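# Structure assessment
Each chain is listed here by its residues.
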Amino acid sequence: MAVRKAIIPAAGLGTRFLPATKASPKEIIPLVDKPAIQYVVEEAVAAGIEEIILVTARGKQALEDHFDRAPELEAILEARGKRDELGEVRRLAEFVTLIAVRQKQALGLGHAVLVAKDLVGDEPFAVLLGDDIIDPAPGHASGLGQLIALFEQRREPIIALQEVPDDELRHYGVIRGEPLGDDLWRIHDLVEKPEPALAPSRLAVVGRYVLPPEIFTILEETRFDAHGEIQLTEGLRSLARLRPLNGYCVHGRRYDTGNKLGYLIATVELGLKHPQLGAPFRAHLEAHLKAGGKGR
Ligand code: UTP
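Just so you know, the residues in each chain are numbered from 1, in the order the chain's sequence is written. Note on the predicted model: pLDDT of at least 70 is required for a residue's local features to be given, and 80 or more for side-chain atom pairs to be given and counted; whole-chain, interface and lining totals, by contrast, use all residues. Hydrogens and waters are ignored; side-chain quantities use all the structure's heavy atoms.

Below, the discussion takes up the overall build of the protein. Helices and strands together make up the secondary structure of the protein, namely 11 helices and 13 strands. In this setup the radius of gyration rests on C-alpha atoms only. A globule is expected at 2.2 Å times the number of residues raised to 0.38. Taken over the C-alpha trace, the protein has a radius of gyration of 20 Å; the compact-globule value for 296 residues is 19 Å, and the two agree within 12%. The dimensions of the protein, computed from C-alpha atoms along their principal axes, are 60 × 45 × 40 Å. Exposure categories follow from relative accessible area, calculated using a 1.4 Å probe and restricted to protein chains: below 20% of the type maximum is buried, above 50% is exposed, and the middle band is partly exposed. Considering the protein as a whole, with its 296 residues, one finds that 47% of them fall into the buried category. Contacts are assigned to residue pairs that have any heavy atoms within 4.5 Å of one another. The long-range share in the protein, meaning contacts at least 24 apart out of those at least 6 apart in sequence, stands at 75%. For the area figures, the Shrake-Rupley method with a 1.4 Å probe applies, and any residue is considered shielded solely by the protein chains shown. Summing over all exposed atoms, the protein offers an accessible surface of approximately 14800 Å²; the carbon and sulfur share of this is 52%. Residues scored as positive are Lys and Arg, those scored as negative are Asp and Glu, and His as well as the terminal groups of each chain are ignored. By convention, the point assigned to a charge is CZ for Arg, NZ for Lys, CD for Glu and CG for Asp. Separation between the mean location of the 37 positive side-chain charges and that of the 43 negative ones in the protein comes to 4 Å. Under the scheme used here, helices are H or I runs from DSSP no shorter than 4 residues and strands are E runs no shorter than 2 residues, and both carry numbers assigned from the N terminus.

In C-alpha cells, the structure reads:
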C-alpha cells in the first residue's frame, strides 16, 4: 500500500527557543521567507503525500491558519494587482489536504503520534517533525522521498539517520545496528540521548519516519518515561524487536530549527541558496566580515 498520509507533530513547547516561542509556535517562525512548517509540508507533498495530519496545541492556531484560505487578504492583494503574492497565498491553501488535531498536553513525541491514530487508520504512514528541515543533496529526492522509495522497495519500516559528532550524541536517539550497504542499516536497538562513551554508534535518528500502523498499539502500551512523556524512541525499540526496522542516512543537509544556533545556521545557509536573495545576501555577508563585523 502506498504511503498517503503524514503526521506532522508540532505541539511541543519549544522551550529551547524561548522567549521567541512564548506566544508564537516555533514552527511558524520564518526561515528566510517562509515558516519552517511550510518547508516540511512542501517536502511531504513532493514525496507524494496526499493528506497531512498536523498535531497542534493550544496557542498554535497560526499553524493551521497558514494553510487555510484568507479571503480578506486575497481581496486586498487582488485589488492592489499583487498577482504573484495572491497566487502564493492561494497555492498554500489548495495544494494539500490538511487536518489538524490537538494534543491536549505536551506528553512527548510518541504521544503526539498516538493522537493521530484514528485519522491514519490501518495503513503505513510518514512522520515529519515540524521543526526539522532537510535540504536534499543535489540530484536526490526530498528527505522523505528518499525514505519512501526504500520503503516501497523493501516494504519494511524505515527512519532517517544522520552521523553526528560525539559531543552532539546526547541530543539524539542513537541506533545500534548492522550495515546493509548503500547507507542502509538494520536497526537492532536505540538509545535515547546517550552519553558519548555509552553511545552504540554515531548514527542519530532525525525527524523523518515511515511506519506501520502497528506502532500505534505499541505506543499505547509504552510507559511514560521519568519526565512524564511517551517517547517515540521507546516505541521504535519495541517495533525493532517485532519486525525488521531499517535506518537510512539521508542525503542532504539537515537543520534542527528548534534550537537557536540550528535556526541561525539554517537561516544563513538557506538564505545564501535563495534564488533572488542569495547573491545580495552573500555580498553583504562578505563585506560585513571583511570590515571585521563592523558594517559593510
Ligand atoms: P522537540 O524535541 O523539539 O520538543 O520535539 P519541543 O517540546 O517542541 O521543544 P523543546 O525541547 O522544549 O525546545 C520534536 C517535535 O515533536 C513535537 C514538536 O513540536 C517538534 O516538532 N512534539 C514534541 C509534539 O508535537 N508534542 C510533544 O509533546 C513533544
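Text resumes after the structure shown.
Mapped onto the elements of the fold, leucine 161 is located in strand 8 (residues 158–163). Separated by 88 residues in sequence, leucine 161 and cysteine 249 place their C-alpha atoms 4.5 Å apart. In contact with leucine 161, not counting residues within four places along its chain, are Ile175, Trp185, Leu203, Ala204, Val205, Val206, Gly247, Tyr248, Cys249 and Val250.

Further remarks concern the nonpolar core. Grouping buried Ala, Val, Leu, Ile, Met, Phe, Trp, Tyr and Cys residues that are joined through side-chain atoms within 4.5 Å yields what is termed a nonpolar core. Ranked by size, the top nonpolar core spans 48 residues in total, and within it Ile8, Leu31, Ile37, Ile49, Leu144, Ile158 and Val210 carry the most contacts. Ranked by residue count, the leading element in this core is helix 1 (residues 36–46), at six residues. Residues within four places of isoleucine 158 in sequence aside, it is in contact with Leu147, Leu150, Phe151, Leu184, Tyr209, Val210, Leu245, Asn246, Gly247 and Tyr248. One finds Ala11, Leu161, Ile187 and Leu211 within the second-largest nonpolar core, a separate group that totals 34 residues.

With a 1 Å grid spanning the protein atoms alone, the term cavity applies to any set of points in which a 1.4 Å probe fits but cannot get out, the term pocket to an open set with protein on both sides within 12 Å along at least five of seven lines, and the term lining residue to any residue with an atom within 4 Å of a point. Grid points are joined across faces, edges and corners, and a volume is the space filled by probe spheres set on the points. Put simply, the second largest pocket is a space of about 290 Å³. Around the second largest pocket sit 18 residues that line it, and Gly12, Leu13, Ala57, Arg58 and Lys60 are the ones nearest its centre. Any residue outside Ala, Val, Leu, Ile, Met, Phe, Trp, Tyr, Cys, Pro, Asp, Glu, Lys and Arg is labelled polar, Gly included; the first ten of those are nonpolar and the last four are charged. For the lining of the second largest pocket, the residue count by class is six nonpolar, seven polar and five charged.

Bringing the site of the ligand into the picture now. Being near a molecule or strand, for a residue, comes down to having at least one heavy atom within 4 Å of it. As a matter of local geometry, the ligand sits amid 19 residues, with Thr15, Arg16, Lys26, Gln103 and Gly108 nearest to it. Two N or O atoms form a polar contact when they lie within 3.5 Å of each other; inside protein one atom must be a possible hydrogen donor and the other a possible acceptor, and for residues adjacent in sequence the pair counts only when both atoms belong to side chains. At 2.8 Å from an oxygen atom of the ligand is found a main-chain nitrogen or oxygen belonging to alanine 11. Leucine 107 places a main-chain nitrogen or oxygen 3.3 Å from an oxygen atom of the ligand. Its free accessible area being 570 Å², the ligand has 82% of it covered by the protein chains. In the shell around the ligand, the residues fall into nine nonpolar, six polar and four charged.

Let us now look at the environment of glutamate 123. One can find glutamate 123 in the loop between helix 6 (117–120) and strand 6 (125–128). Take glutamate 123: its relative accessible area is 6%, and that puts it in the buried class. Here the alpha-carbon distance between glutamate 123 and leucine 144, two residues 21 residues apart in the chain, equals 17 Å. Among the polar contacts made by the side chain of glutamate 123, one reaches the side chain of arginine 4 at a distance of 2.8 Å.

To continue, consider a nonpolar patch on the surface. Surface patches are drawn from residues lacking salt bridges whose relative accessible area is over 30%; two like charges belong together within 9 Å, two nonpolar side chains (Val, Leu, Ile, Met, Phe, Trp, Tyr) within 5 Å. We define a salt bridge as a side-chain nitrogen of Lys or Arg found within 4 Å of a carboxyl oxygen belonging to Asp or Glu. A surface patch of nonpolar side chains, about 290 Å² in accessible area, is lined by Leu261, Leu264 and Ile265. Within the element layout of this structure, leucine 264 appears in helix 10 (residues 260–273).

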